[in-house]
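# Examination of the molecular architecture
Each chain, letter by letter, is given below.
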Amino acid sequence: MARKRFDDLGCSVACALNEVGDWWSLLVIKQAMLGTRRFVDFQGELGIAKNILCDRLSRLVDNGVMIRVDVGEHGTRYEYRLTDKGRDLFPVVVALRQWSERWNGNRDDMQLVERSSGKPIAPVAVQSLQGAVLGVRDVLFVDDEGRPLEKMG
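For every chain, the first residue of its written sequence is number 1, and the numbers climb from 1 along that sequence. Given that this is a predicted model, residues contribute local features only at a pLDDT of at least 70 and side-chain atom pairs are listed and counted only at 80 or more, while totals for whole chains, interfaces and linings are drawn from all residues. As a rule here, side-chain values come from all non-hydrogen atoms in the structure, and water together with hydrogens is ignored.

Counting its regular elements, the protein contains six helices and four strands. If you list the helices and strands of the protein from N to C, you get α-α-α-α-β-β-α-α-β-β. The globule rule is 2.2 Å times the number of residues to the power 0.38, and the radius of gyration it is compared with is taken over C-alpha atoms. The C-alpha radius of gyration of the protein comes to 19 Å, more than 25% above the 15 Å expected for a compact globule of 153 residues. With the C-alpha coordinates of the protein rotated into their principal frame, the extents come out at 65 × 45 × 25 Å. Residue contacts are defined here by distance: any two heavy atoms, one from each residue, within 4.5 Å place the two residues in contact. Of all intrachain contacts in the protein linking residues separated by at least 6 positions in sequence, the fraction that spans at least 24 positions is 38%. Accessible surface computed for the protein: about 11500 Å², of which carbon and sulfur atoms make up 55%. Between the centroid of the 22 positive side chains of the protein and the centroid of its 22 negative side chains there is a distance of 4 Å. A helix here means a DSSP run of H or I that spans at least four residues, while a strand means a run of E at least two residues long, and both kinds are numbered starting from the N terminus. A 1.4 Å probe and the Shrake-Rupley method give the accessible areas. Residues count as covered only by the protein chains that appear here. Positive charge is attributed to Lys and Arg, negative charge to Asp and Glu, and no charge count is given to His or to the chain ends. A charged residue contributes its charge at one atom only: NZ of Lys, CZ of Arg, CG of Asp or CD of Glu.

Quick look at the structure:
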């Protein structure tokens, strides 16, 4: 069964889901952020079936989230690396992780710390231009002309 695409919704979130919206893709991206590069290592770390991993890596490469690099010294051998587009998903992965830790409890032993100081990172937050943390009730969704998109009633 083909996965539903959201091309016709005219929504940025739907567009992003077209590229990285299934859970295996996000886990592959997270694993790449941890330094995994080779197909066999992705498979071993994630416990994912070869056909599913092949599909997800191909889709991530096709969407420009990862690149496939021939690093073969003795024949052809490929590595998969995040592009700038893929690395820009870092705050998304961290936000999902922090959301899960808050609402589902800590599910693994990994901690995120700043490389230079070794101190834990702050929670991911939406901020105003002045740096104030904003919640969904502090934000107004507007169209290109500045008209509110919220439903009245």
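The N-to-C vectors of helix α3 (residues 39-46) and helix α4 (residues 50-62) enclose an angle of 120°; their axes lie 10 Å apart at closest approach. If you check the angle between α3 and α4, you find them oblique. Relative to α4, α3 is oriented so that their crossing is right-handed. Residues Phe39, Phe42 and Gln43 of α3 form the contact with α4, whose participating residues are Lys50, Leu53, Cys54 and Leu57. The axes are straight lines fitted to the C-alpha atoms, using for helices just the contacting stretch, and the angles between their N-to-C directions are given from 0 to 180°. For classification purposes, an angle smaller than 35 degrees is called roughly parallel, one larger than 145 roughly antiparallel, one from 65 to 115 roughly perpendicular, and anything else oblique. When the near helix sits turned anticlockwise from the far one by under a right angle, the crossing is termed left-handed; a clockwise turn instead gives a right-handed crossing.

Take the packing of helix α2 (residues 23-33) against helix α6 (residues 90-104) next. A pair of packed helices is characterised by two quantities: the angle between their axes and the separation of those axes. Relative to each other, α2 and α6 sit at 110°, their axes nearing to 11 Å. Put simply, α2 runs roughly perpendicular to α6. Within the contact between the two elements, α2 uses Leu26, Ile29, Lys30 and Met33 and α6 uses Phe90, Val93 and Leu96. Gly counts as polar in this scheme, as do all residues outside two lists: the nonpolar Ala, Val, Leu, Ile, Met, Phe, Trp, Tyr, Cys and Pro, and the charged Asp, Glu, Lys and Arg. When the residues that make up the contact of α2 with α6 are grouped by side-chain class, the tally is six nonpolar, no polar and one charged.

Another point: the environment of Ser58. On the secondary structure map, Ser58 appears in helix α4. With a 1.4 Å probe rolled over the protein chains alone, any residue whose accessible area is under 20% of its type maximum counts as buried; one over 50% counts as exposed, and the rest are partly exposed. Judged by its relative accessible area of 35%, Ser58 falls in the partly exposed class. Sequence separation of Ser58 and Tyr80 is 22 residues, and the distance between their C-alpha atoms is 9.9 Å. Within the local environment of Ser58, its side chain forms a polar contact with the backbone oxygen of Cys54, the two atoms lying 2.9 Å apart. Within 3.5 Å is the distance limit for a polar contact, defined as a pair of N or O atoms, with the added protein rule that one can donate a hydrogen and the other accept it, and that residues adjacent in sequence qualify only through two side-chain atoms.

What pLDDT reports is the predictor's confidence in each residue, on a scale of 0 through 100. Overall, the predicted model of the protein reaches an average pLDDT of 89, with 92% of residues at or above 70. Model confidence for the protein, summarised as mean pLDDT per element, is weakest for helix α1 (residues 12-20) at 82 and strongest for helix α5 (residues 84-87) at 98.

In a regular helix each residue adds 1.5 Å, so 15 residues correspond to 21 Å; α6 covers 20 Å between its end C-alpha atoms and thus fits that length. For α6, the full list of buried residues reads Val93, Val94, Arg97, Gln98 and Ser100. Down the axis of α6, the smallest arc covering the buried residues is 160°, so these residues share one side. Turned more than 90 degrees from where α6 packs its buried face, Trp99, Arg102 and Trp103 sit exposed. Those residues of α6 that are buried lie in contact with α2. Gly105 sits one or two residues past α6 and shows a positive phi near 85°. One less than the residue count of a helix, multiplied by 1.5 Å, gives the span that helix is expected to have. Here, the arc refers to the directions that run from the helix axis to the C-beta atoms.

All right, on to the environment of Val113 then. Note on placement: Val113 falls in the loop between α6 and β3 (126-127). Owing to a relative accessible area of 45%, Val113 belongs among the partly exposed residues under this scheme. For the pair Val113 and Asp22, spaced 91 residues apart in sequence, the C-alpha to C-alpha distance is 27 Å. Aside from chain neighbours lying at most four places away, what touches Val113 is Gly118, Lys119, Pro120 and Ile121.

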